[in-house]
Amino acid sequence: MDIENLLERISAAARAETDRGAVADYIPELARIDPSQFGISVCLANGAQYSAGDAATPFSIQSISKIFSLALALGRLGDSLWHRVGREPSGYAFDSIVQLEYEKGIPRNPFINAGALVVTDAILAGSTPAETLGEMLRFIRTAADDEDIRINERVARSEKATGARNTALANYLLSYGNMHSAIELTLGTYFHQCAIEMTCEQLARSGRFLMNAPGSSLPRLISSARIRRINALMMTCGQYNGSGDFAFRVGLPGKSGVGGGILVIAPNRASIAVWSPGLNSYGNSKLGTEAMEVLAREAGWSVFG
Ligand code: GLU
């Protein structure tokens, strides 16, 4: 397979597309992003990296950060984390309150907002928000082998200013005893982790620890058992309530964010980052999802054969 040529074709098709989806507008700083952009980057198990389009432009990773906070929380708490958050797809909007009430304050999974707030609260225990964010950035920088990965303070402030619903979720969790730190601290940490910026090139490198490539020389950040579990959750819950559609079309575990990025893992083979700010009706990057469908098909990477 000529991956360079394939990425160039995918990027050219994305550039020519006129129906690009709609940029998320509920976080004002994200609403200003130019929707004409598209980038893709692929890290293969043999260490090679290939990119096309705007792969060196930083964007807000948003909910993709939930993968890194989950990896840290599992490292810190082990399986006891699963007493506080479930492992089932939700079928409701990512910021739903209804479901949290039905399920008595135990969020369905770590990738919906309520679940991610619990995960962030878990890693905050015994630390300050600055220490927790420092730990998260260290993990990501080590995974990406790149010190130049930072938080965009303007985006974090914009999220805080419009964070009424996340604040409501945190209060709801608190009422069920499932928030242990002061909620302003957990929310502040969460808004900042969502505001981490990366380019497609950095994001693809930061996902290599989830490839579980045999004989890889990469530093092992988490165990193979945890890698399998995080990938399973990405497959079943990683694309909001469009996760079934993504599994059907792409056949690979992935995690999207409202900034238009998607990190996708082809187990044992590749870590892929794609970004285009316009979103489809599920809130996932429209062109990013389409690009992944083509890439997985042409590379033969679907986990379903
Ligand atoms: N910071 C965003 C929120 O909590 C993340 C949304 C997302 O990427 O799903 O609303």
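Scroll up a little and you will see the structure.
In this report, the structure presented in the accompanying data block is examined. (Residues numbered from 1 in each chain as written. Predicted model: local features only at pLDDT ≥ 70, side-chain atom pairs only at ≥ 80, totals over all residues. Heavy atoms only, no water.)

A word on the pattern of salt bridges. Enumeration according to the criterion identifies 14 salt bridges in this entry. With a shortest N-O distance of 3.8 Å, R165 and D95 are connected by a salt bridge. Remark: D95 occurs in the loop between α3 (65-77) and α4 (98-102) and R165 occurs in helix α8 (residues 164-175); sequence separation between them is 70 residues. Residue R165 is classed as partly exposed on the basis of its relative accessible area of 48%. For D95, a relative accessible area of 17% corresponds to the buried category. (Salt bridge = Lys/Arg side-chain N within 4 Å of Asp/Glu carboxyl O. Helix = DSSP H or I, 4+ residues; strand = E, 2+ residues; numbered from the N terminus. Buried < 20%, exposed > 50% of the residue type's maximum accessible area, 1.4 Å probe, protein only.)

Close contacts around the ligand come from Y26, Q62, S63, F94, N113, E159, N166, Y190, C194, Y240, G257 and V258, and that covers them all. Contacts to the ligand include Y190, whose side-chain N or O atom sits 2.7 Å from an oxygen atom. With the chains in place, 98% of the 290 Å² that the ligand exposes on its own is no longer accessible. Taken together, the residues that form the shell around the ligand break down as six nonpolar, five polar and one charged. (Near = heavy atom within 4 Å. Polar contact = N/O pair within 3.5 Å; in protein donor to acceptor, adjacent residues only side chain to side chain. Areas by Shrake-Rupley, 256 points an atom, 1.4 Å probe, with all protein chains shown as cover. Nonpolar A, V, L, I, M, F, W, Y, C, P; charged D, E, K, R; others polar.)

Moving on to the sheet that holds strand β8 (residues 261-266). Taken together, the five strands give an open sheet; going across it, the order is β3-β2-β9-β8-β7, and neighbouring strands pair in antiparallel fashion. Strands at the two margins of the open sheet, each flanked by one partner only, are β3 (49-53) and β7 (254-256). Between one strand axis and the next, the sheet turns through 10° on average, direction left out of account. On the sheet, helix α1 (residues 3-16) packs against β2 (39-44) and β3 and is oriented at approximately 20° with respect to β3. (Pairing = 2+ DSSP bridges. Axes fitted to C-alpha atoms, helices over the stretch in contact; angles between N-to-C directions. Contact = heavy atoms within 4.5 Å.)

Moving on: the packing of α3 against helix α6 (residues 129-144). Contact pair α3 / α6: the axes reach a minimum separation of 10 Å and the direction vectors enclose 105°. With respect to their mutual orientation, α3 and α6 come out roughly perpendicular. Here α3 contributes F68, S69, A71, L72 and R76 to the contact with α6, which in turn contributes E135, M136, F139 and I140. Across the contact of α3 with α6, the residue classes break down as six nonpolar, one polar and two charged. (Parallel < 35°, antiparallel > 145°, perpendicular 65-115°, else oblique.)

Glancing now at α1. The terminal C-alpha atoms of α1 lie 20 Å apart, and with 14 residues this matches the ideal 20 Å at 1.5 Å per residue to within 8%. Buried residues of α1: I3, L6, L7, I10, S11 and A14, and no others. Viewed end-on, α1 has its buried residues packed into an arc of 130°, placing them on one side of the element. Of the exposed residues in α1, the ones pointing more than 90 degrees away from its buried face are E4, R15 and A16. Elements in contact with the buried residues of α1: β2, β3 and α13 (286-299). Capping the start of α1 is the job of one residue whose side-chain oxygen sits 3.3 Å from the backbone nitrogen of E4: D2. (Expected span 1.5 Å × (residues − 1). Arc of directions from axis to C-beta.)

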